[in-house]
Amino acid sequence: MISMSGSLPPISDLRARYTGWDKPTNENLKDIGTIEFFWRNLFEAIFHPNQGNWLEQWQQLYNLILERCPNNYERSTTLFYLETVKNCINKEGDWWIQHWRTVLIYLENTRDWARKSIIRS
């Protein structure tokens, strides 16, 4: 049997944070709604370029995440996925167009982890 001592937190803390029912407050829902609005703008700018400059939309979402998401593990993960979206689109040639599903997965992960960051503050 593996001991849970050492650098791991108590299992009760892990269980409460990762397996408990996430109940957002009304303030959480407002923050989530705002992030999802900006996320949708980025989505539109990437997949429907006439909707705006994707890099501007990306930067606005990035700044909003820094502002609205608590500085926790989930926010770091959110920013990782959002950076990955930018890196995929910035690859030479039309790489991202051929791999648009990958970009979409990173976008969805960005949205989902932002929600978790806000709720698990």
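Placed above this text is the structure.
Counting of residues starts from 1 at the beginning of each chain's written sequence and follows it residue by residue. Thresholds applied to this predicted model are a pLDDT of at least 70 for local features of residues and 80 or more for the giving and counting of side-chain atom pairs; totals over whole chains, interfaces and linings are not thresholded and use all residues. Side-chain metrics rest on all non-hydrogen atoms present in the structure, leaving aside hydrogens and water.

**Thoughts on the overall build of the protein**
Next up, step 1: A run of H or I in DSSP becomes a helix once it reaches four residues, and a run of E becomes a strand once it reaches two; helices and strands are each numbered from the N terminus. Each helix and strand counted, the protein has 6 helices and 0 strands in total.
Next up, step 2: Projecting the C-alpha coordinates of the protein onto the three principal axes gives extents of approximately 55 × 35 × 20 Å.
Next up, step 3: The cut-offs for exposure are 20% and 50% of the maximum accessible area for each residue type, with area from a 1.4 Å probe on protein chains only; residues under the lower value are buried, those over the upper are exposed, and the others partly exposed. Out of the 121 residues belonging to the protein, those deemed buried represent 31%.
Next up, step 4: Residue contacts follow a heavy-atom distance rule, with two residues in contact if any of their heavy atoms lie within 4.5 Å. A sequence separation of at least 24 residues applies to 68% of the contacts in the protein between residues at least 6 apart.
Next up, step 5: Accessible area for the protein stands at about 7900 Å²; split by element, carbon and sulfur atoms hold 52% of it.
Next up, step 6: For the charge count, each Lys or Arg is scored as positive and each Asp or Glu as negative, with His and the chain ends excluded. Charged groups are reduced to one reference atom each: NZ for lysine, CZ for arginine, CG for aspartic acid, CD for glutamic acid. Of the side chains in the protein, 14 bear a positive and 14 a negative charge, and the two mean positions are spaced by 6 Å. Here, Shrake-Rupley sampling with a 1.4 Å probe gives the accessible areas, and only protein chains in the shown set may cover a residue.

**Notes on the packing of helix α4 (residues 73–89) against helix α6 (residues 100–119)**
Next up, step 1: Contact geometry of α4 with α6 gives a least axis separation of 8 Å together with a crossing angle of 160°. When the interaxial angle is binned, α4 and α6 end up roughly antiparallel. Seen from above, α4 lies across α6 with left-handed handedness. On α6, the residues that touch Tyr73, Glu74, Arg75, Thr77, Thr78, Tyr81, Leu82, Thr84, Val85, Cys88 and Ile89 of α4 are Val103, Tyr106, Leu107, Asn109, Thr110, Trp113, Ala114, Lys116 and Ser117.
Next up, step 2: Each residue gets one of three labels, nonpolar for Ala, Val, Leu, Ile, Met, Phe, Trp, Tyr, Cys and Pro, charged for Asp, Glu, Lys and Arg, and polar for the others, Gly among them. Of the residues belonging to the contact of α4 with α6, the class tally is 11 nonpolar, 6 polar and 3 charged. Only the stretch in contact is used when a helix axis is fitted, and all axes are lines through C-alpha atoms; the angle between N-to-C directions ranges over 0 to 180 degrees. Orientation is classified from the angle alone, with under 35 degrees giving roughly parallel, over 145 giving roughly antiparallel, 65 to 115 giving roughly perpendicular, and any other angle giving oblique. The crossing is said to be left-handed when, going from far helix to near helix, the turn is anticlockwise and less than a right angle, and right-handed when the turn is clockwise.

**What to know about the nonpolar core**
Among soluble globular proteins, nonpolar side chains are generally buried collectively.
Next up, step 1: Ile35, Leu42 and Ile46 are the most contacted members of the largest nonpolar core, which totals 23 residues.
Next up, step 2: Where this core is concerned, the elements lending two or more residues are α2 (26–47), α3 (54–68), α4 and α6. Among the buried residues, those of types Ala, Val, Leu, Ile, Met, Phe, Trp, Tyr and Cys that are joined through side-chain atoms within 4.5 Å form a nonpolar core.

**Quick word on α4**
Next up, step 1: To estimate how far a helix should extend, the number of its residues minus one is multiplied by 1.5 Å. The first and last C-alpha atoms of α4 sit 25 Å apart over 17 residues, in line with the 24 Å expected at 1.5 Å per residue.
Next up, step 2: Taken together, the buried positions of α4 are Glu74, Arg75, Thr77, Thr78, Leu79, Tyr81, Leu82, Thr84, Val85, Cys88 and Ile89.

**Focus: the pattern of salt bridges**
Next up, step 1: Salt bridge, as used here: a side-chain nitrogen of Lys or Arg that lies within 4 Å of a carboxyl oxygen of Asp or Glu. Tallied over the entire structure, the rule returns 6 salt bridges.
Next up, step 2: Where Asp31 meets Arg68, a salt bridge forms, and the shortest distance between an N and an O atom there is 3.0 Å. In this pair, Asp31 sits in helix α2 while Arg68 sits in helix α3, placing the two residues 37 residues apart along the sequence.
Next up, step 3: A relative accessible area of 13% places Asp31 in the buried class.
Next up, step 4: Of the charged contacts in the structure, one is a salt bridge between Glu74 and Arg120, with a shortest N-O distance of 3.3 Å. Placement of the pair is Glu74 in helix α4 and Arg120 in the segment after α6, with a sequence separation of 46 residues.
Next up, step 5: Residue classification places Glu74 among the buried residues on the basis of a relative accessible area of 0%.
Next up, step 6: Its relative accessible area of 13% is what places Arg120 among the buried residues.
Next up, step 7: In the salt-bridge network here, residues are joined through shared partners; they are Glu36, Arg111, Asp112 and Arg115.

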